[in-house]
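Given next are the chains, with one letter for each unit.
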Amino acid sequence: MPVQPRDISSIDRSSFAYIVEQNVSIPLKSSQGLVRCNVYRPKSEDNKCPVLVTYGPYGKDIPYKDFHAQSFSEVNQEHKSEHSAWETPDPGYWTSHGYAVVRADERGLGQSPGVLDTMSKGTSEAFFDVVEWSSEQPWSNGKVGLLGISYYAGSQWRVAALQPKGLAAIVPWEGMSDYYRDRCRHGGILSNAFIRFWWDRQVLSNQYGLPGRKARNWGPDTIEGDLTAEELEQNRRDQNVDNVENQFRDQPYYASKEYNLEDIRVPVLSVGNWGGILLHLRGNIEGFTYAGSKFKYLRFCVGRHDLPFYYHEQVEMQRSFLDAFLHGDDRVGWSVEGQVARVGLVLRKGDAGHNNPEAEKKFPTREEEEWPIPRTLYTRFYLTDQLGLINQKPAYKQTSKLTYKALGTLREPQLIQFTTAPMGKEVEITGHIVAHLNVSMNADIGGNVPTDIDLFLTLRHIGPSGREVFYTGTAGDPVPLCKGWQRVSLRKVNVDHHRHRPYLPYRDYFSNSVLPVLPGEVYPVDVEVWPTNVVLEPGAQLVLEISSGDTQGCGTFQHNSPVDRSDQKLAGKNNIHFGPKYVNHLTLPIIPPK
Ligand SMILES: *[C@@H]1O[C@H](CO)[C@@H](O)[C@H](O)[C@H]1NC(C)=O
Ligand SMILES: *[C@@H]1O[C@H](CO)[C@@H](O)[C@H](O)[C@H]1NC(C)=O
């Protein structure tokens, strides 16, 4: 349905402490149509102000309290206003500090017509137009900053790589940067369950033209009226469908979402959460590592996905960074080379329980000048057929293997655990982890012949008391230290790629990357385990868990697509081999004291 850009907005100067303009139309240059936004800006119009922009699916007009009442009730009071919205900066707070806030509905969602195609090239190009428009408004000082969590962070990398005019700084707060590796296909395995949950609850529910939104208390109905079910379907690309149908990065679906992080030139404050072990953490680290920006900073937080962004001290950091690059007020030296530490760590020492913000705030912090930490000692721990994880290379005279069933599920996990001896002294692990394994599979008696192996790895921390220490996951659930995944047919590593590192194997995941997996044949596989941090106290132990499916701590992020993980492909037995030639080890980034 062609929609003519028409400005149906009105300006409200009196009802709030700031000016509110709702439904402002932004004409798109990159494609047909328009995007609609709300503008919140300070009442005093003496000074032109910098602009914070968000562009995403969760409804510019859906109040936070309606989007997620429980979460909103726990948000820091300083960041609650009439116009609070999920995962975005609070207009009440930011306008009182001299910023304008532009909150746009992504194309195809809320009040923005057009094709709903989340995380696509086209939608990033519309975001580009929104950024440039924001820098050109009469009330704008020409400088635009991006600040938001999750979707509102992941989208920042992509638009910043397009270098829109006016963009001056980005703060991707828990924002993945690699659509294929971080979000959709972990080691090539489809991460389907979260995408399904997210799509149904948080995206589809706000499609442009969807009837009944107002009745469901999910923002107002669509300005131009409802669309029919057929029109709605024609107007969207469904991530669930596309991700099952496509497997490789060189297929147009995934290829179209690629970009080069080095094209990002503006200052970056990338904030990852150690507990974000199934979606965002990896992207914050890789985004920081490869951004082409002169000024780039990496910080870590812990706690739930929704709350730390609004903690007082975290907002102070966001504002001091943004003031430096958007307001010309650099109080700490973000814009002075060498002045502010590039990396700021939270050190997960001791047991703070999970979903306990007060206890977590007591974790120590430390600054470092680079990531990975330059003094890292990459240290091997060898797996043994006696289920140990030891410092010495085991001297086997014979071969042996440990066997577990393929296709484990969260409900019926199939796993093997390798455990270290209790630590004799304090040991800090911070950085990238890789596991080197020799694996094979074979069919069940009477079963069909499988063609692949899916490896699921988990690292667990057993405290000195003997109890496992859990950390706060995305939704406040208890999670282990970290996880890693690898589909064995996609084990091929591109050692010639400039991003290949001994501690982080680089895989192309192209259609021609596929290697055969035959029953009985033993394959060496290097499995990327996502980066983590922990300080193990004397007496603590580390567990490496190898399984054939999701295990404790995966939360809503299950990998259980019956298409991607079919019986046909995977059913049977999986084995880990030990012997004079079969050496299996876990390489851990141990950090010696400064
Ligand atoms: C913006 O559009 C919505 C949906 O039609 C409507 O409820 C709201 O009143 C509009 N706002 C203004 C200021 O016109
Ligand atoms: C076992 O795996 C390791 C690490 O991936 C590899 O170096 C070694 O060559 C493998 N052994 C065999 C016999 O393939």
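Residues numbered from 1 in each chain as written. Chains lettered and ligands numbered in written order. Predicted model: local features only at pLDDT ≥ 70, side-chain atom pairs only at ≥ 80, totals over all residues. Heavy atoms only, no water.

The name recorded for the chain in an unreviewed UniProt entry is Xaa-Pro dipeptidyl-peptidase C-terminal domain-containing protein, from Exophiala xenobiotica.

S.K.: Hey, could you go over the overall build of the chain for me, with residue numbers and the actual values?
M.R.: Within the chain one finds 14 helices and 27 strands. Seen through its principal axes, the chain has C-alpha atoms that stretch 80 × 55 × 45 Å. When burial is assessed residue by residue, the chain has 61% of its 594 residues classed as buried. Considering only residue pairs separated by 6 or more positions, the chain has 75% of its internal contacts joining residues 24 or more positions apart. Counting every atom, the chain has about 22400 Å² of accessible surface; 51% of that belongs to carbon and sulfur. Across the chain, the 64 positively charged side chains and the 70 negatively charged ones have centroids separated by 3 Å. (Helix = DSSP H or I, 4+ residues; strand = E, 2+ residues; numbered from the N terminus. Buried < 20%, exposed > 50% of the residue type's maximum accessible area, 1.4 Å probe, protein only. Contact = heavy atoms within 4.5 Å. Areas by Shrake-Rupley, 256 points an atom, 1.4 Å probe, with all protein chains shown as cover. Lys, Arg positive; Asp, Glu negative; His and termini not counted. Charge placed at Lys NZ, Arg CZ, Asp CG, Glu CD.)

S.K.: Any chance you could break down the site of ligand 1 for me, citing the residues and the numbers?
M.R.: Around ligand 1, the structure places Ile8, Ser10, Gln22, Asn23, Gln111, Pro220, Asp221 and Ile223. Between ligand 1 and Gln22, the relevant distance is 2.9 Å, taken from a nitrogen atom to a side-chain nitrogen or oxygen of the residue. The side chain of Asn23 places a nitrogen or oxygen atom 2.4 Å from an oxygen atom of ligand 1. Computed on the free molecule, ligand 1 has an accessible area of 360 Å², of which 61% lies beneath the protein chains in the complex. The class makeup of the residues in the shell around ligand 1 is three nonpolar, four polar and one charged. (Near = heavy atom within 4 Å. Polar contact = N/O pair within 3.5 Å; in protein donor to acceptor, adjacent residues only side chain to side chain. Nonpolar A, V, L, I, M, F, W, Y, C, P; charged D, E, K, R; others polar.)

S.K.: How would you explain the pairing of strand β17 (residues 415-419) if you had to name every residue and give the values?
M.R.: The two faces of β17 differ: Ile416 and Phe418 on one face are buried, but Leu415, Gln417 and Thr419 on the other face are not. In this structure, β17 lies alongside strand β25 (residues 541-547), joined through five bridges in antiparallel fashion. Paired with Ile416 across the strands is Ile546, a residue of β25. (Pairing = 2+ DSSP bridges.)

S.K.: Give me the lowdown on the packing of aromatic side chains, citing residues and values where you can.
M.R.: Scanning all chains against the criterion turns up 38 aromatic pairs. For the ring pair Tyr64 and Tyr310, a centre distance of 6.3 Å and an interplane angle of 50° mean the geometry is tilted. One end of the pair, Tyr64, is in helix α1 (residues 64-67); the other, Tyr310, is in the loop between β11 (296-301) and α12 (312-327), and 246 residues separate them in sequence. Given a relative accessible area of 2%, Tyr64 falls into the buried group. Note on Trp198 and Trp199: the rings are 6.2 Å apart at their centroids and 50° apart in plane angle, and the pair reads as tilted. (Phe/Tyr/Trp six-rings, centres within 6.5 Å; stacked < 30°, edge-to-face > 60°.)

S.K.: How would you summarise the domain arrangement of the chain if you had to cite specific residues and measurements?
M.R.: On domain assignment, one finds that the chain holds domain 1 (10-368) and domain 2 (377-591). Distance from the C-alpha centre of domain 1 to the C-alpha centre of domain 2: 33 Å. Contact residues are listed per partner, giving 48 residues for domain 1 and 58 residues for domain 2. For the pair domain 1 and domain 2, the summed buried area comes to about 4600 Å², and 58% of that belongs to carbon and sulfur atoms. Its largest share of buried area at the contact with domain 2, domain 1 owes to Ile189, Ile277 and Arg348, together 17% of the area lost on that side. At the boundary of domain 1 with domain 2, the tally comes to five salt bridges. Residues Arg501 and Glu286 are paired through a salt bridge, measuring 2.9 Å at the closest nitrogen-oxygen approach. Mapped by element, the contributors of at least two residues to the side of domain 1 that touches domain 2 are α6 (179-184), β8 (185-186), β9 (189-190), α7 (192-203), α11 (281-290) and β12 (343-346). Of the residues in the side of domain 1 that touches domain 2, the class split is 18 nonpolar, 16 polar and 14 charged. (Domains from an automatic or database assignment. Buried area = accessible area lost by both parts, 1.4 Å probe. Salt bridge = Lys/Arg side-chain N within 4 Å of Asp/Glu carboxyl O.)

S.K.: So what about the pattern of salt bridges? Which residues, and what values?
M.R.: Between side chains of opposite charge, a pair can form as their charged atoms come close. For the structure shown, the criterion picks out 36 salt bridges. Between Lys165 and Glu136 there is a salt bridge, with its nearest N and O atoms 3.0 Å apart. With a gap of 29 residues between them, Lys165 in the loop between α5 (151-161) and β7 (167-173) and Glu136 in helix α4 (residues 121-136) connect regions that are remote in the sequence. A salt bridge links Lys361 to Glu313; the nearest nitrogen and oxygen atoms lie 3.9 Å apart. Separated by 48 residues along the polypeptide, Lys361 in the loop between α13 (357-360) and β13 (365-368) and Glu313 in helix α12 bring together distant segments of the chain. Residue Lys361 is classed as partly exposed on the basis of its relative accessible area, which comes to 40%. Each member of the salt-bridge network shares a partner with another, and the members are Asp178, Arg181, Asp182, Arg282 and Glu528.

S.K.: So what's going on with the UniProt feature "domain: Xaa-Pro dipeptidyl-peptidase C-terminal" (unreviewed entry) in the chain? Residues and values would help.
M.R.: Under the UniProt annotation, "domain: Xaa-Pro dipeptidyl-peptidase C-terminal" (unreviewed entry) lies at residues 319-587. A distance of 38 Å separates the end C-alpha atoms of residues 319-587, which is 6% helix and 35% strand. (UniProt positions renumbered as here; feature names shortened; annotations may be inferred.)

S.K.: Tell me about the site of ligand 2, residues and numbers included.
M.R.: Neighbouring residues of ligand 2: His436, Leu437, Asn438, Pro524, Val525, Asp526, Lys581, Tyr582 and Val583. Asn438 places a polar side-chain atom, nitrogen or oxygen, 2.6 Å from a nitrogen atom of ligand 2. One of the side-chain nitrogen or oxygen atoms of Asp526 is found 3.2 Å away from an oxygen atom of ligand 2. Elements represented by at least two residues in the shell around ligand 2 include exactly β18 (427-442) and β24 (523-536). When the residues that make up the shell around ligand 2 are grouped by side-chain class, the tally is five nonpolar, two polar and two charged.

S.K.: An account of the nonpolar core is requested, with residue identities and associated values reported.
M.R.: One finds Leu322, Leu455 and Ile546 to be the most contacted residues of the largest nonpolar core, which totals 110 residues. Each of domain 1 (10-368) and domain 2 (377-591) gives at least three residues to this core. Ignoring any residue separated from it by four or fewer positions in sequence, one finds Leu455 in contact with Ile189, Tyr404, Leu437, Val439, Gly484, Trp485, Gln486, Val488, Val525, Val527, Ile546 and Ser547. Of all hydrophobic cores here, the second largest spans 33 residues; its members include Val51, Ala104, Trp139 and Val266. (Core = buried A, V, L, I, M, F, W, Y, C linked by side-chain atoms within 4.5 Å.)

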